[in-house]
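Results of the structural survey
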Amino acid sequence: MALGDVDAPVVMIEYSEFQCPFCGKYSRETAPKLVEKYVDQGLLRIEFRDFPYLGDESDLAARAARAAAEQDSFWPFHERLFAEQPPPNSGRLDRERLSGIAKDLGLDTDRFLKDMDSDEVAAAIKRDRDEGMAIGVTGTPAFLINDRVLMGALPTEDFVETIDAAIKDARG
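Residues numbered from 1 in each chain as written. Predicted model: local features only at pLDDT ≥ 70, side-chain atom pairs only at ≥ 80, totals over all residues. Heavy atoms only, no water.

1. A closer look at the overall build of the chain
Broken down by element type, the chain carries 7 helices and 5 strands. Starting at the N terminus and ending at the C terminus, the chain contains elements arranged as β-β-α-β-α-α-α-α-α-β-β-α. Its C-alpha radius of gyration of 16 Å places the chain within 12% of the 16 Å reference for a compact globule of 172 residues. Viewed in the frame of its principal axes, the chain has a C-alpha envelope of about 50 × 30 × 25 Å. Pairs at least 24 apart in sequence give 76% of the contacts found in the chain among residues at least 6 apart. (Helix = DSSP H or I, 4+ residues; strand = E, 2+ residues; numbered from the N terminus. Rg over C-alpha atoms; globule rule 2.2 N^0.38 Å. Contact = heavy atoms within 4.5 Å.)

Shown next, in the form of structure tokens:
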């Protein structure tokens, strides 16, 4: 659940929640610009972490994205979830809709549903959330860019400024 070169000088860890409207805004508006400017150039690696906290639909969506990741389709699934993001706890992030997205993406839906329900997927989500809480994440989106923290769906310019500074630091 990462984009970019493993040897990129800057790593951005993103704590996110699929029902969070601010996470959706970041994903739709800022992330594509960062991918084009930094990830595609080998300067930035983005690592996604689950931080579901808005209810059962959040947990279900996180499980579904992890199940898609098991078939190397995390990012396309992630993009669909945020592109078609319903209001939080609207009842629209259900198994039927999530498995429909998996089917649309050409995933093995039987495997997808099995992975969604697996203890391993649940444990991975818990690890991400626990990690976030241990470093002080209380809401989403939250970002750790090398040693710098950004909280919220900030303007793209804030990310550019922080990433540019991290690149400069990494290069000495």
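Now, onward.
2. Here's the deal with the environment of Ala61
Mapping Ala61 onto the fold places it in helix α2 (residues 56-69). Residues Ala61 and Arg45, 16 residues apart in the sequence, show an inter-C-alpha distance of 23 Å. Residues within four places of Ala61 in sequence aside, it is in contact with Phe18, Leu81, Leu93 and Leu98.

3. Structural notes on the environment of Gly91
Here Gly91 lies in the loop between α3 (74-83) and α4 (95-104). By relative accessible area, which is 44% here, Gly91 ends up partly exposed. Through-space distance from the C-alpha of Gly91 to that of Asp56 is 9.6 Å; in sequence the pair is 35 residues apart. (Buried < 20%, exposed > 50% of the residue type's maximum accessible area, 1.4 Å probe, protein only.)

4. Looking at the packing of aromatic side chains
Applying the stated rule across the entire model yields 11 aromatic pairs. Ring centres of Phe48 and Phe74 lie 4.9 Å apart, and the angle between their planes is 55°; this geometry places the pair in the tilted category. Of this pair, Phe48 sits in strand β3 (residues 44-50) while Phe74 sits in helix α3, placing them 26 residues apart in sequence. Accessibility assignment for this pair places Phe48 and Phe74 in one class, buried. Relative to Phe159, the ring of Phe143 has its centre 4.8 Å away and its plane inclined at 90°; by these criteria the two rings are edge-to-face. Placement of Phe143 in strand β4 (residues 142-145) and of Phe159 in helix α7 (residues 156-171) is noted, with a sequence separation of 16 residues between them. Note on accessibility: Phe143 and Phe159 belong to one class, buried. Aromatic rings pair up to connect Phe18, Phe48, Phe74, Trp75 and Phe82 into one cluster. (Phe/Tyr/Trp six-rings, centres within 6.5 Å; stacked < 30°, edge-to-face > 60°.)

Everything listed here is a matter of coordinates, which is why it stays silent on function.
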